[in-house]
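The chain contents come next:
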Amino acid sequence: MHNIFLFARREYLETVRKKSFIVMTILLPAMMFGFTVLPSMIASKKSTESQKIVIATSDRQFGDDVRDKFMKPPEKKVPARRGAADASTRSFEVQVDTNVSPAEETVLTAKVSSHEIDGYLWAPASALSERKISYRSRASSDFETLGALSGAIREALLSQSFRKHGVPAEEVADILKPVNIDSKKVENGRVTDSSGIALFFTALLLMILLYVTILMYSMSVMRSVLEEKNSRIFEVLLSTATSKELMAGKILGAAAVGITQIAIWTLVTAPLAAQSISMFGESIRLGLSIKNMIFFGVFFVLGFLLYSALGAALGSAVNSEQEAQQFQFVIMMPLIVSAIFLTPVIQQPHSTLATVLSLIPFCTPLIMFTRILVETPPAWQIGLSLALLVGTIYAMLSICSRIYRIGILMYGKRPTLPEIVKWMKYA
Amino acid sequence: MHTVELQQVRKSYDKFVAVKDLSLKIEQGSIFGLLGPNGAGKTSTIRMMIGITVPDSGQVRMFGEPFKRDHLKRIGYLPETSGLYKRMKVSEQLVLFGQLRGLSATDAAARAKKWCERMDIAGWMDKKTEELSKGMQQKMQFIATLLHEPEFLIMDEPFSGLDPVNATLLKDVLLELNKEGRTILFSTHRMDQVERLCSAICLINRGEAVLQGTLKEIKGRYGRSNVQIEYEGTDEFLRENGLIQSFNNYGNYVEVRLAPGADSQKLLHMVAERSRVNKFELVEPSLEDIFIDVVGKTDA
């Protein structure tokens, strides 16, 4: 035990003092901030400029209707949809032009090119009846404007036809009122406050954290074993300690580094997490309960131990960094598979696919945690996955320490798979 | 009592047999030389002595009993190539090695300081290991081996990378430790280096012991059958007749091994006839000569 502690402490101190640790600690949250919060901040900034749009239609009534629907701010919906309200701060100046002669079309097109207006809706009577209206602008991919326009046109056409059938205006407004579905999670027989979309992003965020740190530190363990092997330091170490102690110390040290990093991130981002983050037009509160935090810690540590053991085995079976790189897919594969299936698992956390994946030990840390986050699975499944995970870690440790013990004593020659299998059997 | 006793120890890696039924005994308090060319099986033998590998067959006995891991606390092992963490500070690393061998942190630190002063690297204790020169790292490794005051020291190529001054320093320390009663095992292919230090040797080649015994006994067995000749003029005489079995030309002088039964006086006359002789001396063969002789015979 004493030796394990000494090795773990050495590994821990060496990694934490490295520049890469400090860089990673700062860089990863910065990157995540950059990928998530920044774009929506920029997007909401842009919309303060007003856009000039012309509606060219022979039907004055229709033109005014579209303009009114388009300019009318959407009704305040649920408070969580503050982001949508943000989007409507984009201001528009809309004019209705009843001249739909080909000459006017040329004039309007010229105006668009000369930046006098941002775009125009070309809706002569023929186009209206065929429902083939076109919007011409410099930025033909401004989907937000297009979407708003299309909604406004549809509403305008609907009101027009309602009016034709003699439906009173108030009734028309009532019919056209949008419907909102507010997604709430039911937990322990109670309706909770956390919204589905917030859960999705919370899961995504934590997955990225898990994915990146596990990948990074399992590689770091691999390199550290490789270094010991190449510097032959293990010869000295093995003359005082067993390979199991060495291996356990190394992996525990790496796990301690990971915990430190997560702890730093948690402390730094805790005040931020309490605030809502505006993302994709949604206002999100990172819904992390104490229970979920504990599960995160458990799966993080176990995932870390499993993949670190894998990294150590890889490091001891190869001779150089280049060779190691060829085998990195062994570590990355289950992580990538987990990432690919993340969306289906979030959408249907109860499906057979999700259940099976979450019970495969190499996928458990990411998938089972996601399931817990989205919809608490049956306790027996959580228990089984944890038991399988712990069992696999133990098996990996003992297999790896064998590969380690023999692999590090063999130089120069790259072991073949049958040889590695033989080493595992060898005591 | 014997510090180490190997009984018919065998170790093979796949089909390659690294050590073939090797038996040897190292007397307590002696300086023992495990000699042989590269790849002879020296390091494989040592690894079995310290439990890094387990022999396929045969037995390893340490301090008079079958090997157990507890023995490692009484053994110090200096590996052939530097086995140090490059990014660790010198002092921290020495303390770690001391702790791994059961010393307390404070004890280890005090001993490390004392030894660094003795080995002349005290000024480097706060530096990272990778900043040290190869020779300094070798001295550092040496200190790491000694911290726990082992009864048995295993030195695998201890002088490699050391200049003559430092090699002498190391040798003096080792002799001093031997005087205190500690057993020392030298493993090297540089036979000339240990010839003057060892009291007993075991020459191994291809995993087998080809020559064993005390140095005195071995040299006695070969007698004064070598002649060192310093001469001026032609070296034609070297290619003559049945007097010379083999020779080694060192440039300034030549060492000749006489054929069995040959008379050294006859050789002197012959050399003097054609060249000017400055020195003609009957000497004991060096270990290297003996080794070449023995290995030549077994290989033939």
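Here the structure is a predicted model, which means the values were calculated and not measured.

Trainee: Tell me what's going on with the overall build of chain B, and back it up with residues and numbers.
Mentor: For chain B, the helix and strand inventory stands at nine helices and 14 strands. Looking at chain B as a whole, 51% of its 300 residues qualify as buried. Summarising the internal contacts of chain B: among those between residues at least 6 apart in sequence, 67% fall at separations of at least 24. Carbon and sulfur atoms provide 48% of the accessible area of chain B, an area that totals close to 13,600 Å².

Trainee: I'd like a rundown of the overall build of chain A, residues and numbers included.
Mentor: The secondary structure content of chain A amounts to 18 helices and eight strands. Excluding contacts between residues fewer than 6 apart, the proportion of contacts in chain A whose partners are at least 24 apart in sequence is 74%. On chain A, roughly 21,400 Å² of surface is accessible, and the fraction owed to carbon and sulfur atoms is 65%.

Trainee: Explain the interface of chain B and chain A residue by residue, including any values.
Mentor: Each side of the interface is counted separately: chain B has 29 residues, and chain A has 28 residues. In this assembly, chain B and chain A are joined by three salt bridges. Note that E227 of chain A is salt-bridged to R87 of chain B, the shortest N-O span being 3.3 Å. Viewed at the interface, chain A and chain B are joined by six residue pairs in polar contact (both at pLDDT 80 or more). Those elements giving two or more residues to the side of chain B that touches chain A turn out to be α1 (42-49) and α2 (90-100) of chain B. Ranked by residues supplied to the side of chain B that touches chain A, first place goes to α2 of chain B with six residues.

Trainee: Would you mind going over the pairing of strand β7 (residues 152-156) of chain B in detail, with residue names and values included?
Mentor: Residues and elements named next belong to chain B. In terms of burial, β7 is a largely internal element, five of the five residues being buried. Covered by surrounding structure in β7 are F152, I154 and D156 together with L153 and M155, the residues of both alternating faces. Taken together, the four bridges between strand β6 (residues 75-78) and β7 define a ladder with parallel strand orientation. Bridging across to β7, G76 finds its partner in L153.

Trainee: I'd like a description of the sheet that holds strand β3 (residues 119-123) of chain A, backed by residues and values.
Mentor: All names here are of chain A. The strand order β2-β1-β3-β4 describes an open sheet built from four strands, whose pairing is mixed. Taken across any chain shown, the strands that pair with only one partner, and hence form the sheet edges, are β2 (91-97) and β4 (134-137). Mean inter-strand twist for the sheet, computed between neighbouring axes without regard to direction, equals 20 degrees. Pairing geometry for strand β1 (residues 50-57) and β2, over seven bridges, is parallel. From the neighbouring strand, K52 faces β2, where its bridge partner is E93. Those strands touched by helix α3 (residues 60-71) are β1, β2 and β3, and its axis lies near 175 degrees from that of β2. Sitting on the sheet, helix α7 (residues 143-164) touches β1, β2, β3 and β4, and the angle it makes with β4 is about 150 degrees.

Trainee: Residues and numbers for the environment of L310 of chain A, please.
Mentor: Residue and element names in this part refer to chain A. Structurally, L310 can be placed in helix α12 (residues 290-317). When the C-alpha positions of L310 and C400 are compared, they lie 7.2 Å apart, and in sequence the two are 90 residues distant. Look past the residues within four positions of L310 in its chain and what remains in contact with it is V330, I331, F362, M396 and C400.

Trainee: Would you mind going over a nonpolar patch on the surface in detail, with residue names and values included?
Mentor: Residues and elements named next belong to chain A. Taken together, the side chains of V23, L27, M31 and F35 define a hydrophobic patch exposed on the protein surface, amounting to about 400 Å² of accessible area. Tracing the backbone through its elements, the reader meets V23 in helix α2 (residues 19-46). When its relative accessible area of 44% is taken as the criterion, V23 is described as partly exposed.

Trainee: Lay out the confidence of the model for chain A with the relevant residues and their values.
Mentor: Residue and element names in this part refer to chain A. Per-residue confidence for chain A averages 77 on the pLDDT scale, and 78% of its residues sit at or above 70. No element of chain A has a lower mean pLDDT than helix α4 (residues 82-87), which averages 42, and none a higher one than helix α1 (residues 2-17), which averages 88. Here residues 75-88 is modelled with pLDDT under 50, and outside its nearest four sequence neighbours on either side it reaches 13 contacts, counting other chains as well. Across residues 278-283 the pLDDT falls below 50, and counting only partners more than four positions away or on other chains, this stretch makes 17 contacts in the model.

Trainee: An account of the side chain of K42 of chain B is needed here, citing residue identities and associated values.
Mentor: Residues and elements named next belong to chain B. Within the secondary structure layout, K42 lies in helix α1. At a separation of 3.1 Å, a polar atom in the side chain of K42 contacts the main-chain carbonyl oxygen of P37. If we ignore the near neighbours within four places in the chain, the residues touching K42 are L34, L35, G36, P37, E157, S187, T188, H189 and I204.

Trainee: Describe the confidence of the model for chain B, naming the residues involved and giving the relevant values.
Mentor: Low-pLDDT stretches of the model should not have their predicted coordinates read in fine detail. Of all residues in chain B, 98% attain a pLDDT of 70 or more, and the chain-wide mean is 86. Considering each helix and strand of chain B separately, the mean pLDDT is smallest for helix α9 (residues 287-299) of chain B, with a value of 75, and largest for β7 of chain B, with 93.

Trainee: Break down the sheet that holds strand β8 (residues 183-188) of chain B for me, citing the residues and quoting the values.
Mentor: Residues and elements named next belong to chain B. Taken together, six strands build an open sheet; the order of strands is β6-β7-β8-β3-β9-β10 and the sheet is mixed. Only two strands of the sheet have a single neighbouring strand rather than two, namely β6 and β10 (208-214). Each strand of the sheet is rotated relative to its neighbour by a mean of 15 degrees, with strand direction disregarded. Where strand β3 (residues 31-35) lies against β8, five bridges are found, and the strand directions are parallel. Paired with I31 across the two strands is I184, which belongs to β8. Most of the contacts of α1 go to β8, to which it runs at about 150 degrees, and overall it touches β3, β6, β7, β8 and β9 (200-205). Lying on the sheet, helix α7 (residues 215-222) is in contact with β9 and β10; it crosses β10 at an angle near 100 degrees.

Trainee: Explain the pattern of salt bridges residue by residue, including any values.
Mentor: Evaluated as defined, the whole model comprises 23 salt bridges over all chains. The salt bridge partner of E92 of chain B is R17 of chain A, with a shortest N-O separation of 3.2 Å. Here E92 of chain B is found in helix α2, whereas its partner R17 of chain A is found in helix α1 on a different chain. Judged by relative accessible area, which is 27%, E92 of chain B ranks as partly exposed. Owing to a relative accessible area of 51%, R17 of chain A belongs among the exposed residues under this scheme. D65 of chain A serves as the salt-bridge partner of R163 of chain A, at 2.6 Å between the closest nitrogen and oxygen. Remark: D65 of chain A occurs in helix α3 and R163 of chain A occurs in helix α7; sequence separation between them is 98 residues. For R163 of chain A, a relative accessible area of 38% gives the class partly exposed.

Cut-offs applied
- Residues numbered from 1 in each chain as written.
- Chains lettered and ligands numbered in written order.
- Predicted model: local features only at pLDDT ≥ 70, side-chain atom pairs only at ≥ 80, totals over all residues.
- Heavy atoms only, no water.
- Helix = DSSP H or I, 4+ residues; strand = E, 2+ residues; numbered from the N terminus.
- Buried < 20%, exposed > 50% of the residue type's maximum accessible area, 1.4 Å probe, protein only.
- Contact = heavy atoms within 4.5 Å.
- Areas by Shrake-Rupley, 256 points an atom, 1.4 Å probe, with all protein chains shown as cover.
- Salt bridge = Lys/Arg side-chain N within 4 Å of Asp/Glu carboxyl O.
- Polar contact = N/O pair within 3.5 Å; in protein donor to acceptor, adjacent residues only side chain to side chain.
- Pairing = 2+ DSSP bridges.
- Axes fitted to C-alpha atoms, helices over the stretch in contact; angles between N-to-C directions.
- Patch = residues over 30% accessible without salt bridge, like charges linked within 9 Å, V, L, I, M, F, W, Y side chains within 5 Å.
- pLDDT = per-residue confidence, 0-100.

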